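For reference, the chains in residue letters:
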Amino acid sequence: GVITSPNYPNNYPNKLDCKFSIEAPDGATITITFQEFSIEAESDCSFDRLEFIDPLSDNTKLYCGSTLPPPVISKGNKVSFLFSTDSNVNNGNFKITY
Ligand SMILES: [Ca+2]
């Protein structure tokens, strides 16, 4: 499957709070591959962020900036992403396959 930022391939909107959930069959894991990635950079990703949540892992990941993140493999069969953006600077987008 594919997940893209809202308005892809154009810039994502400001003031977003989006959740994307992926569920695979029981016993399966999910491999996430980032194809394109560029969202507002900040050292703590406090402006715009993509948060990766794997319920079986304590290792929640926050992504921002324009470096393509490495692939991620889930521990279990469910993962979700939360995409949050603030009220200004929205020059970017992302595309993820799983
Ligand atoms: Ca922003």
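Residues numbered from 1 in each chain as written. Predicted model: local features only at pLDDT ≥ 70, side-chain atom pairs only at ≥ 80, totals over all residues. Heavy atoms only, no water.

Quick question: what am I supposed to make of the UniProt feature "domain: CUB" (unreviewed entry) in the chain here?
When the UniProt feature table is mapped onto this chain, "domain: CUB" (unreviewed entry) is found at residues 1-98. Along residues 1-98, the helical share is 0% and the strand share 41%, with 5 Å between the first and last C-alpha atoms. (UniProt positions renumbered as here; feature names shortened; annotations may be inferred. Helix = DSSP H or I, 4+ residues; strand = E, 2+ residues; numbered from the N terminus.)

Help me understand the sheet that holds strand 4 (residues 49-53) in this model?
Note on sheets: strands pair through backbone hydrogen bonds, and any given pair is parallel or antiparallel. Read from one edge of the open sheet, four strands run 2-7-4-5, paired in antiparallel fashion. Edge positions in the open sheet fall to strand 2 (17-23) and strand 5 (61-63), since each of these has one partner strand only. Strand-to-strand twist of the sheet, defined as the mean angle between neighbouring strand axes without regard to direction, takes the value 20°. As paired strands, strand 4 and strand 7 (residues 78-84) are joined by five bridges and run antiparallel to one another. For Arg 49, the partnering residue across the bridge sits in strand 7 and is Ser 84. (Pairing = 2+ DSSP bridges. Axes fitted to C-alpha atoms, helices over the stretch in contact; angles between N-to-C directions.)

Whenever I open this one, the nonpolar core confuses me. Can you help?
Soluble globular proteins: nonpolar side chains tend toward being buried together. Within the largest apolar cluster, 23 residues are counted, with the highest numbers of intra-cluster contacts made by Ile 32, Phe 34, Leu 50, Phe 81, Phe 83 and Phe 94. Secondary structure elements with two or more residues in this core: strand 2, strand 3 (31-38), strand 4, strand 7 and strand 8 (93-97). With near-sequence residues (within four places) excluded, Leu 50 lies in contact with Phe 34, Phe 37, Ile 39, Lys 61, Leu 62, Tyr 63, Phe 81, Leu 82, Phe 83, Phe 94 and Ile 96. (Core = buried A, V, L, I, M, F, W, Y, C linked by side-chain atoms within 4.5 Å. Buried < 20%, exposed > 50% of the residue type's maximum accessible area, 1.4 Å probe, protein only. Contact = heavy atoms within 4.5 Å.)

It is not clear to me how the pairing of strand 2 should be interpreted in this structure. Could you clarify?
Here is the key point about a regular strand: its side chains alternate between the two faces of the sheet. Only one face of strand 2 is buried: it carries Cys 18, Phe 20 and Ile 22, and the other face, with Asp 17, Lys 19, Ser 21 and Glu 23, is open. In this sheet, strand 7 lies alongside strand 2 in antiparallel orientation, the contact comprising seven bridges. Counterpart to Phe 20 in the pairing with strand 7 is Phe 81.

Would you mind showing me how to read the environment of Gly 65 here?
One can find Gly 65 in the loop between strand 5 and strand 6 (72-73). On the accessibility criterion, Gly 65 (8% relative accessible area) is buried. With 25 residues separating them in the primary sequence, Gly 65 and Glu 40 have C-alpha atoms 5.4 Å apart. Gly 65 has contacts with Phe 37, Ser 38, Ile 39, Glu 40 and Ala 41, leaving out every residue within four places of it along the chain.

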